[in-house]
Amino acid sequence: QRHLLFRGNVGEVSTGGGEFRAELRGLSNRLNRTTGRVYQPVCDAALGDLACGIDLGSPAYSAQGLVAAVAGMHELVLDGVAGFAEHWFERGSLTVLDGPAAGLGVAIKRDLTEGPHRRVTLWQELRAPVAAGAQVRIVAGCDKRLATCRDKFANGLNFRGFPHIPGEDWMMVYP
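Residues numbered from 1 in each chain as written. Predicted model: local features only at pLDDT ≥ 70, side-chain atom pairs only at ≥ 80, totals over all residues. Heavy atoms only, no water.

**Remarks on the environment of N32**
Working step 1: If you trace the backbone, N32 turns up in the loop between strand 2 (19–26) and strand 3 (62–70).
Working step 2: For the pair N32 and A22, spaced 10 residues apart in sequence, the C-alpha to C-alpha distance is 19 Å. (Helix = DSSP H or I, 4+ residues; strand = E, 2+ residues; numbered from the N terminus.)

**Quick word on the pattern of salt bridges**
Working step 1: With the rule as written, the count across this model stands at nine salt bridges.
Working step 2: The salt bridge involving E75 is made with R119; its shortest N-O contact spans 2.8 Å. Residue E75 is located in strand 4 (residues 75–79), and its partner R119 is located in strand 7 (residues 117–122); the two are separated by 44 residues in the primary sequence.
Working step 3: In this structure R119 comes out as partly exposed when scored by relative accessible area, which is 22%.
Working step 4: Several salt bridges converge on common partners, so that one network encompasses R37, D44 and R160. (Salt bridge = Lys/Arg side-chain N within 4 Å of Asp/Glu carboxyl O. Buried < 20%, exposed > 50% of the residue type's maximum accessible area, 1.4 Å probe, protein only.)

**Quick look at the layout of surface pockets**
Working step 1: Approximately 160 Å³ is the volume found for the largest pocket.
Working step 2: Around the largest pocket, the lining residues are V70, G72, M73, H74, E75, L76, L122, E125, L126, A128, P129 and V130.
Working step 3: In terms of residue class, the lining of the largest pocket is built from eight nonpolar, two polar and two charged. (1 Å grid on protein atoms, 1.4 Å probe; cavity = no way out; pocket = protein on both sides within 12 Å on 5 of 7 lines; lining within 4 Å. Points joined across faces, edges and corners; volume = space filled by probe spheres on them. Nonpolar A, V, L, I, M, F, W, Y, C, P; charged D, E, K, R; others polar.)

**With respect to the confidence of the model for the protein**
Working step 1: Mean pLDDT over the protein stands at 90; residues scoring 70 or higher make up 97%.
Working step 2: Ranking the helices and strands of the protein by mean pLDDT puts strand 8 (residues 135–139) first, with 96, and strand 1 (residues 8–16) last, with 90. (pLDDT = per-residue confidence, 0-100.)

**Considerations on the sheet that holds strand 6 (residues 105–114)**
Working step 1: In spatial order, the strands read 3-4-7-6-5-8; together these six strands close into a barrel with antiparallel pairing. Mean inter-strand twist for the sheet, computed between neighbouring axes without regard to direction, equals 45°.
Working step 2: Relative to strand 4, strand 3 is paired through four bridges, and the arrangement is antiparallel. Residue L66 lies in a different strand from strand 4, and its bridge partner there is D79. (Pairing = 2+ DSSP bridges. Axes fitted to C-alpha atoms, helices over the stretch in contact; angles between N-to-C directions.)

**Overview of the pairing of strand 8**
Working step 1: As defined by bridge partners, strand 3 adjoins strand 8 across five bridges and the pair is classed as antiparallel. Bridge pairing in strand 8 links G65 to V136.

Laid out in structure tokens, this is it:
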């Protein structure tokens, strides 16, 4: 004998502490999916995807360098990443290519030029130690504004936002 208690799908599964958790999503969860486009001033494409069209493997948007020093839990000083403007890699990503942290990646919060070096501040610390001499790959970031898409990436034609849409305060504008 059986009795049907639930009908749906398994959602996000997470593990930790010797256990796992599985999210159960009911049939009405399909109604929560976004369909169509969202009208907003910023771009809705992810940098490097098909809608964006930018090749992040290009030397214009990524570079490999060496860790010259570890300046704290969230800061690395890099060598061999010259020729890029200051703040070029902000909102981008850093991936460690060798050592105990090989394959780990993290988002870049701040990117400053200090002479021949680059000081990169990470949003969160890597889950494994990074030593001086480790090879890393950094990729440029995007703030999803039209000016950045047009000027930094020369990709204004593929911009997927609506920069001229009125904001929330358009009704307050005096005629």
